[in-house]
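Architecture at a glance
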Amino acid sequence: MEIMSTRQQCKRIYSWVGREKRGILIKSERSVKEMCILVGEFVLVEGENADQPFVAKLLKLYEDGSQEKRAVVQWFSRISEVPLNKRKLLQREVSSQEIFLDKVPGYDTDINVEAIIRNVKVIPLAPEEAVPLRSHRKQIFFVKESWDGKCFKPLSPGLLSELKEEKKKKPESLSPSTDCQVFPLDFICSLKVETDRVTRSAMKTKNSQMEIESRHSSSKSSLSKERHSQRVANGIHTPGARKKLELNSPTKSKSKLTGCDVLELLSDDCDALEALEPSANKRKVTFTQILGSPPKISRTKDEPDSPQNNGGDWPKIVETIRISPYRRGQGSSLKAKNLGEKDDDTRHFNGRNEEEETEERARESRKRTKQAITSTSSCKSDTNLAEEEVLKTRSPVMTPRSHRKCVQKTTARIAEQLHFLNTSVPDEEDNYLPSTDSSDSSSSEEEESVVPCTPKRKIRSSVTLSTPKSLRKPSDTTPAKTTRKAPEPRTPKTPRNATPRIPIRKQATENPDNVLEEARLRLHVSAIPDSLPCREEEFQDIYNFVESKLIDGTGGCMYISGVPGTGKTATVHEVIRCLQQAAENDKLPSFQFIEINGMKLTDPRQAYVQILQLLTGQKVTAAHAAVLLAKLFCTPGPKRKTTVLIVDELDLLWTRKQDVMYNLFDWPSQKQAKLIILAIANTMDLPERIMMNRVASRLGLTRMSFQPYTYKQLQQIISSRLNHIKAFEEDAIQLVSRKVAALSGDARRCLDICRRSTEICEFSSQKTASQLVSMAHVMKAIDEMFSSPYINSIRNASLHEQMFLKAIIAEFRRSGLEEATVQQIYHQHVALCRIEGLQIPTVSEIMAVCSRLGACRFLLVESNNKYLHVRVRLNVSQDDVMYALKQE
Amino acid sequence: MSKRKSKETSSATEECISQVQRIFRERFCHQCPSGKLFGLELQYKHLLELLKRTTIHGESNSALIIGPRGSGKTMLLNHVLKELMEIKQVRENLLQVHLNGLLQTNDKIALKEITRQLQMENVVGDKVFGSFAENLSFLLEALKKGDRENSCPVLFILDEFDLFVHHKNQTLLYNLFDISQSAQTPVTIIGLTCRQDILELLEKRVKSRFSHRQIYLMNSFDFKQYLKIFKEQLYLPAEFSDKTFTQKWNKNVQSLSEDKTVQDVLRNHFHCSKDLRSLHMLLMLALSSITVSHPFMTGADLLEASKLCRMDSKANIVHGLSVLEICLIIAMKHLNDVYEGEPFNFQMVYNEFQKFIQRKAHSMYNFEKPVVMKAFEHLLQLELIKPVDGPSVRAQREYQLMKLLLDNSQIMDALQVYPNCPTDVKQWATSSLSWL
């Protein structure tokens, strides 16, 4: 949402970097910020779901004939893009940050440049490396395997090294350029921590430098607010505090250089407000450079063999760390005015903004922090203090409420950990030693870290201190989060997407224990048959239609009509199932399937909301959803799968302006939409009857009508459902089929009658164990369901009720009208009573009789208080009444 | 000594009488859940089997219980549910949702009520009171998640089912029936209605999804059985404290049922209405006449009660009118006869009344026109006459068209029993044209 809203608010200008299109420069209109993305970098590309932009690697930039800026990309898939049924293939938990090199054929790799949001960091991992757990830092991705639509394969060594290679060569050209909006400031610190750790463990990728840099050079004045709101929205209130915690442990043992540098930097920061722009900029650069060296690297990376593997890199990296500050700083300050180097300018700007912000905050919080720190820990190093301050800069912004608590806790822990670090300075070997069982120990620690008891923690951490990663982990993972969260006064609201469910039954359902029960189960409409007999032709037609559209990558509409119970929805679902299977087997391009039902919407416009939610998971208002969907379907979107949309009960989507229907049928005709609509309704001539011309025209002429089942088809349906269970006599099945076919051809009715027949059979033959359902049973069931209730109820009505009906008919005959007032009927009634020699009822009694008959709807009675002058009509045919009354 | 004894016995019978009154009041006012079912064995079995299958086998079903008012639809359902709840497996599994068409007047309210009764409010927090659309999709999702094996079956009872039919698009019914016909949470939908044409009210796709299982309650007993029911209703239970009183009471009931007058009263009642509620009403009235001095019900009590029951309400009002008002009503009656039920206005009635005063009346005082007008307005207030066009039409009061809400027979009956009616007025009433 955040990204989208910012994107919507500000128009962005895209321009090339250099003549030879080395990269693109994205300039936001609203703010002064710019970012530059070069070929070879990883980018986020706008997709249908604003929360989950696509990840891709920029391969090439060019301009097509119409001066439109285009880009060629290599896609990466998030796990959420992989079909659910394929995720099993991985046989492991996949974090949301892991992505897969996308080798699925059929995706358009040529995208519009304007779809690019920004760059992102992607770390290639060797097959044996595990993906680090970093739930809170969403903007880093890890790629480890490739995905070709059928299976996952580890990245080939060649490819891997290629990816890594590219990263290595990047820093030179790219580092100053990048921009990242969403990065919280605290990232800096944690990165530094990682850096140090990694330095010690001597394994990292070089490219990280630039990425980290990109992280912080980005922030701008308004960003802090945005981030804040984002955080609040996400329900994470204490990331700052948590981060602090993480930091402290490893910082201790870090090389002096970094510590000092940071300190220096921070002391510089104190008077940064007075500082001139260039100097601020310079500081910024050095700062980031130091911090930025190696990115976070997973503890699991610390596998015993990796140091050896990456050992070669080690000195180099150290070098960069040390050297870069100066070089970078000089370079940037020198080049600051160099207009040719736009990258620097960008950074320049951003850097300053951020710097100012940071410093303001830092000042505010410094005093408090200092107090807290000094009070809790006397043995704190300068480095720590400095770091603490950097961290502090964030906390007031993020959670003012939890601030104090956090400070205290953090400082307490800092003190503790400092103490341990001072006492047990780990040597390098120790660091690597426990890595093999790190997962175990860390998991146990996770549990323990939940316990807020300090002494325990102390012991624990002193034991595991040799592995910095395990130390870090508890604060990183969820348990820590919960412990932190728990004391917060604001209890977390129920998750927005709470999954509702009906309670689970305590006793198990009983399974059918005789033939009739088995048959009943199979005959239930809800039972899903293995195949749909008698609809082969329709099935084939729909299948071919959708298949051809899928293969062509175009869109289209199909209108399916038929009376209820003729298998429309079932057939369409069967088609979709088959298509999905085909797509799984790679015979067809994969597609997305969604379904809406007009009857399940409260308002036609809710269709937009449902479609959008099914497509992207967003929940917005109807009007907004319509806009988003229109944008989605009417603009060329990268990496879009074909969408198959079933609109059931189409007639319910009718509105006076018919805008919902219009839009639904208009989208498929858009070139880029790739939308296939299967519209289902009952009436054959719906397009002609209720649709405006422009809607009907867009619906097109691809129509299909489901004829009511014939008796043979119904017979076949029952037989196939029964599947050789001998529960019915052949004649009985035929009788049901013929009866239903003559009435409506509704398969549901047919099955219901059969089900009821088995009940009757069971009921009547409780002594004789198993029996076949015979004609008699079926007849009885049919009678129960279809015989008109009127005659029977009239026969069971009271004498005066019957006489009143007679009086009505007599009055009708007398007057020749089909309507009479109660007064007139009363006179007739009295006359009839005299003939029969019955006691003459009073008017009140007659009124009561009349209203009783009216309630059962034998009569239609005017509803007003005209008393004797109320007009009455018969709701049953006169013949029925006569027939019912005569037989006595 | 004897005095004291009689006092004791009287206090004992007093105790008995108050207990009797309590027992029968409970029985007749349907507070007692263990009322007996008469002639509904088949329906009972059908419904019981249906609900058992839902809960034990997880089979989805839908059914309608149709019968005229007072035929025992709700009682049947309550009996079945009571028996079901005695089965442990059912008690622990079944979720019930009771809706009433008179309370849940639209789908939005109904959905909220369903969510509340399924106790899913706490799952969704404040979300349950979100929009109607959200509510619907939430509920559908919840029901969709379930399956036959694992989910608790849900029993939906829709009282006054016919009123749900009028909800917009029949969304609720469609969705409920759709769930019952698809492999989701097992549900059973039981609708109770008195409308015989209920199936015609369902929209075609809703109708197709309804299983067409209809359970009809008909009051299909004859007079003999009615008499038996009468006895059953009046018998004191065996566990009544005073055995001798019980014996006497029950003997009395038996003799009552054989009494000719009682049978006539009951037969008349039976002819008028078969439903047991009206019998209860009759018995309730008869019961109220039972006192310590009059401890057993007699035929006369029943006769009196039956008279009360079939009393004509409008004719009763006529009894309380003044002579002038009676005269106006007679004038209206004559106008009705002359103009064959066409509406009349005050002026016409006044003229008719003037004619009577001038030519035939001997005992009547000639009232001023405003006084007559006042009497006329009183009749209007009593709703013995009614304006044809409603009150909104701005005609002059004298010329506003009216209709008489009394039948000739009612007027004549009322006059017969009217106390101190002047003879000339009575004559005028009987002979509409003779004064000419």
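Notes on the structure follow. (Residues numbered from 1 in each chain as written. Chains lettered and ligands numbered in written order. Predicted model: local features only at pLDDT ≥ 70, side-chain atom pairs only at ≥ 80, totals over all residues. Heavy atoms only, no water.)

1. Details of the overall build of chain A
- Secondary structure summary: chain A contains 37 helices and 19 strands in total.
- A separation of at least 24 residues holds for 73% of the contacts in chain A among residues at least 6 apart in sequence.
- Element-wise, carbon and sulfur atoms account for 53% of the exposed surface of chain A, whose accessible area totals about 37700 Å². (Helix = DSSP H or I, 4+ residues; strand = E, 2+ residues; numbered from the N terminus. Contact = heavy atoms within 4.5 Å. Areas by Shrake-Rupley, 256 points an atom, 1.4 Å probe, with all protein chains shown as cover.)

2. Focus: the side chain of Gln21 of chain B
- For Gln21 of chain B, the position within the fold is in helix α1 (residues 2-28).
- Once residues lying within four places of it in the same chain are set aside, the contact partners of Gln21 of chain B are Leu287 and Ile290 of chain B.

3. Quick notes on the side chain of Arg205 of chain B
- With respect to the secondary-structure elements, Arg205 of chain B resides in helix α11 (residues 204-209).
- Accessibility expressed as a relative area gives 2% for Arg205 of chain B, which makes it buried.
- Ignoring anything within four residues of it in the chain, the contact list for Arg205 of chain B reads Pro564, Met599, Glu649, Asp651, Leu652 and Asn682 of chain A together with Tyr174 of chain B. (Buried < 20%, exposed > 50% of the residue type's maximum accessible area, 1.4 Å probe, protein only.)

4. Digging into the sheet that holds strand β18 (residues 859-861) of chain A
Residue and element names in this part refer to chain A.
- With antiparallel pairing, the 3 strands of this open sheet are ordered in space as β17-β19-β18. In this open sheet, the two strands that pair with only one neighbour each are β17 (820-821) and β18.
- One ladder, built from 2 bridges, connects β17 with strand β19 (residues 871-874); its direction is antiparallel. Bridging from a neighbouring strand, Thr821 pairs with Arg871 of β19. (Pairing = 2+ DSSP bridges.)

5. Quick look at the sheet that holds strand β3 (residues 154-159) of chain B
Residue and element names in this part refer to chain B.
- Strand order in this open sheet of 5 strands is β2-β3-β4-β1-β5, and the pairing throughout is parallel. The open sheet has two edge strands with one neighbour each: β2 (95-100) and β5 (214-216). For this sheet the average axis-to-axis angle between neighbouring strands, irrespective of direction, equals 15 degrees.
- The pairing of β3 with strand β4 (residues 187-193) spans 5 bridges and is parallel. (Axes fitted to C-alpha atoms, helices over the stretch in contact; angles between N-to-C directions.)

6. A word on unusual backbone geometry
Residues and elements named next belong to chain A.
- Residue Glu649 is not a glycine yet carries a positive backbone phi of 50 degrees.
- Of note, Glu649 is situated in the loop between β14 (642-648) and α26 (659-666).
- Taking the relative accessible area as the measure of exposure, Glu649 reaches 4% and is therefore buried.
- The phi torsion at Tyr867 lies on the positive side, around 55 degrees, for a residue other than glycine.
- With respect to the helices and strands, Tyr867 occurs in the loop between β18 and β19.

7. With respect to the pattern of salt bridges
- Under the definition given, this model contains 40 salt bridges over all chains.
- Two residues, Asp746 of chain A and Arg749 of chain A, come together in a salt bridge whose shortest N-O distance is 3.8 Å.
- Since its relative accessible area comes to 4%, Arg749 of chain A is described here as buried.
- Among the ionic contacts, a cluster of salt bridges with common partners joins Asp746, Arg749, Asp752, Arg755, Arg756, Glu759 and Glu784 of chain A together with Arg53, Glu59 and Arg213 of chain B. (Salt bridge = Lys/Arg side-chain N within 4 Å of Asp/Glu carboxyl O.)

8. Things to note about the nonpolar core
- In terms of nonpolar packing, the biggest core is built from 40 residues, with Phe161 and Leu173 of chain B touching the most fellow members.
- Discounting chain neighbours no more than four positions away, the residues touching Leu173 of chain B are Leu158, Phe161, Phe164, Val165, Leu202 and Val206 of chain B.
- Ile596, Leu601, Leu632 and Leu699 of chain A belong to the second largest nonpolar core, which has 38 residues in total. (Core = buried A, V, L, I, M, F, W, Y, C linked by side-chain atoms within 4.5 Å.)

9. Things to note about the interface of chain B and chain A
- Taken together, the contacts link 96 residues of chain B with 81 residues of chain A.
- Counting the surface lost from both chain B and chain A, the interface buries some 7600 Å², and carbon and sulfur atoms represent 50% of this.
- Looking at the side of chain B facing chain A, the largest losses of area belong to Arg205, Cys272 and Arg310 of chain B, adding up to 10% of the total buried there.
- Put simply, chain B and chain A have 8 salt bridges between them.
- The tally of links between chain B and chain A comes to 34 residue pairs in polar contact (both at pLDDT 80 or more).
- Per-element accounting of the side of chain B that touches chain A gives the leading share, 11 residues, to helix α7 (residues 132-145) of chain B.
- Here the residues of the side of chain B that touches chain A are counted per class, giving 31 nonpolar, 33 polar and 32 charged. (Buried area = accessible area lost by both parts, 1.4 Å probe. Polar contact = N/O pair within 3.5 Å; in protein donor to acceptor, adjacent residues only side chain to side chain. Nonpolar A, V, L, I, M, F, W, Y, C, P; charged D, E, K, R; others polar.)

10. Quick look at the packing of helix α12 (residues 223-234) of chain B against helix α14 (residues 260-272) of chain B
Residue and element names in this part refer to chain B.
- Axis separation between α12 and α14 bottoms out at 11 Å; the angle between their running directions is 115 degrees. Judged by the angle between their axes, α12 and α14 are roughly perpendicular. Our pair here, α12 against α14, has a crossing hand that is right-handed. Facing Phe223, Tyr226, Leu227 and Phe230 of α12, the residues of α14 in contact are Val262, Gln263, Leu266, Arg267, His269 and Phe270.
- Partitioning the contact of α12 with α14 into residue classes produces 7 nonpolar, 2 polar and 1 charged. (Parallel < 35°, antiparallel > 145°, perpendicular 65-115°, else oblique. Left-handed = near helix turned anticlockwise from the far one by under 90°.)

Worth remembering: the numbers are spatial, not functional.
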